[in-house]
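Now for the letters of each chain:
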Amino acid sequence: MHRSLTISPDPIDEPALVAQRRMGAGMGAVVYFSGVVRGAEAGEVISAIDYTAFQQMAEHQFHKLFDEMAARWPVESVRLVHRLGVVRVNEASLWLEVIAPHRGDAFAAGQWLIDEMKRVVPIWKRPVS
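Since the model is a prediction, treat every value here as computed from it, not as a measurement.

Novice: Could you give me a rundown of the packing of aromatic side chains, with the residues and numbers involved?
Specialist: If you walk through the whole model with that rule in mind, you get three aromatic pairs. On the numbers, 6.2 Å between centres and 35° between planes, the contact of Phe62 with Phe66 is tilted. Linking Phe62 with Phe66, this pair stays in helix 2 (residues 55-72), spanning four residues, or about one helical turn. A single burial state applies to Phe62 and to Phe66, both of which are buried.

Novice: Residue-level account of the sheet that holds strand 7 (residues 85-88), with values.
Specialist: Taken together, three strands build an open sheet; the order of strands is 7-5-9 and the sheet is antiparallel. Across the chains shown, the open sheet's two edge strands, defined by having one partner strand only, are strand 7 and strand 9 (123-128). This sheet shows a mean twist of 30° between the axes of neighbouring strands, independent of strand direction.

Novice: Please set out the packing of helix 2 against helix 3 (residues 103-120) residue by residue, giving values where relevant.
Specialist: Following both chains from N to C, one finds helix 2 and helix 3 inclined at 150°, their axes separated by 10 Å at the closest point. Compared by their axis directions, helix 2 and helix 3 come out roughly antiparallel. In this structure, the crossing between helix 2 and helix 3 has a hand that is right-handed. Across the interface between the two elements, Gln61, Phe62, Leu65, Phe66, Glu68, Met69 and Arg72 of helix 2 pack against Ala109, Trp112, Leu113, Glu116, Met117 and Val120 of helix 3. By residue class, the composition of the contact of helix 2 with helix 3 is nine nonpolar, one polar and three charged.

Novice: Explain the sheet that holds strand 6 (residues 77-83) to me, and be specific about the residues and the numbers.
Specialist: Spatial ordering of the open sheet is given by 1-6-8-2, a layout of four strands whose pairing is mixed. At either end of the open sheet lies a strand with only one pairing partner, and these are strand 1 (2-8) and strand 2 (29-36). Looking at each pair of strands side by side, their axes are set apart by 5° on average, direction ignored. With eight bridges connecting them, strand 2 and strand 8 (residues 92-100) associate as antiparallel partners. Paired with Gly35 across the two strands is Leu94, which belongs to strand 8. Against the sheet, helix 2 makes contact with strand 1, strand 6 and strand 8, and its axis sits at roughly 155° relative to strand 1, the strand it touches most. Together, strand 2, strand 6 and strand 8 form the strand contacts of helix 3, whose direction differs from that of strand 8 by roughly 145°.

Cut-off values and rules
Residues numbered from 1 in each chain as written. Predicted model: local features only at pLDDT ≥ 70, side-chain atom pairs only at ≥ 80, totals over all residues. Heavy atoms only, no water. Phe/Tyr/Trp six-rings, centres within 6.5 Å; stacked < 30°, edge-to-face > 60°. Helix = DSSP H or I, 4+ residues; strand = E, 2+ residues; numbered from the N terminus. Buried < 20%, exposed > 50% of the residue type's maximum accessible area, 1.4 Å probe, protein only. Pairing = 2+ DSSP bridges. Axes fitted to C-alpha atoms, helices over the stretch in contact; angles between N-to-C directions. Parallel < 35°, antiparallel > 145°, perpendicular 65-115°, else oblique. Left-handed = near helix turned anticlockwise from the far one by under 90°. Contact = heavy atoms within 4.5 Å. Nonpolar A, V, L, I, M, F, W, Y, C, P; charged D, E, K, R; others polar.

In structure tokens form, the structure reads like this:
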């Protein structure tokens, strides 16, 4: 399984990521998800979220999750980008792409990865008023 992970303060350039997509002829599903900062957190109005991480451990945990994903679903490729630093409301903080032969596997693998990421990857968020 091809895998790509970027954890960076740089804005997520979705058109560039889509343009860089590579996939085999047997693939029939490309699912991508963009996680965008909402204007409220825990019922409070915010202007941004400040993301911090234990980057080396975050990368390690993501690769463990990618290994488990590869064992569970016939995924050809996973690419994930997560922002660090201050991300303003309506800006993307997360971008995920999963390529698989069928949509069910692509959707299931992507949903699982996001759920598990929130559970085990040491990336923290602090709302900014």
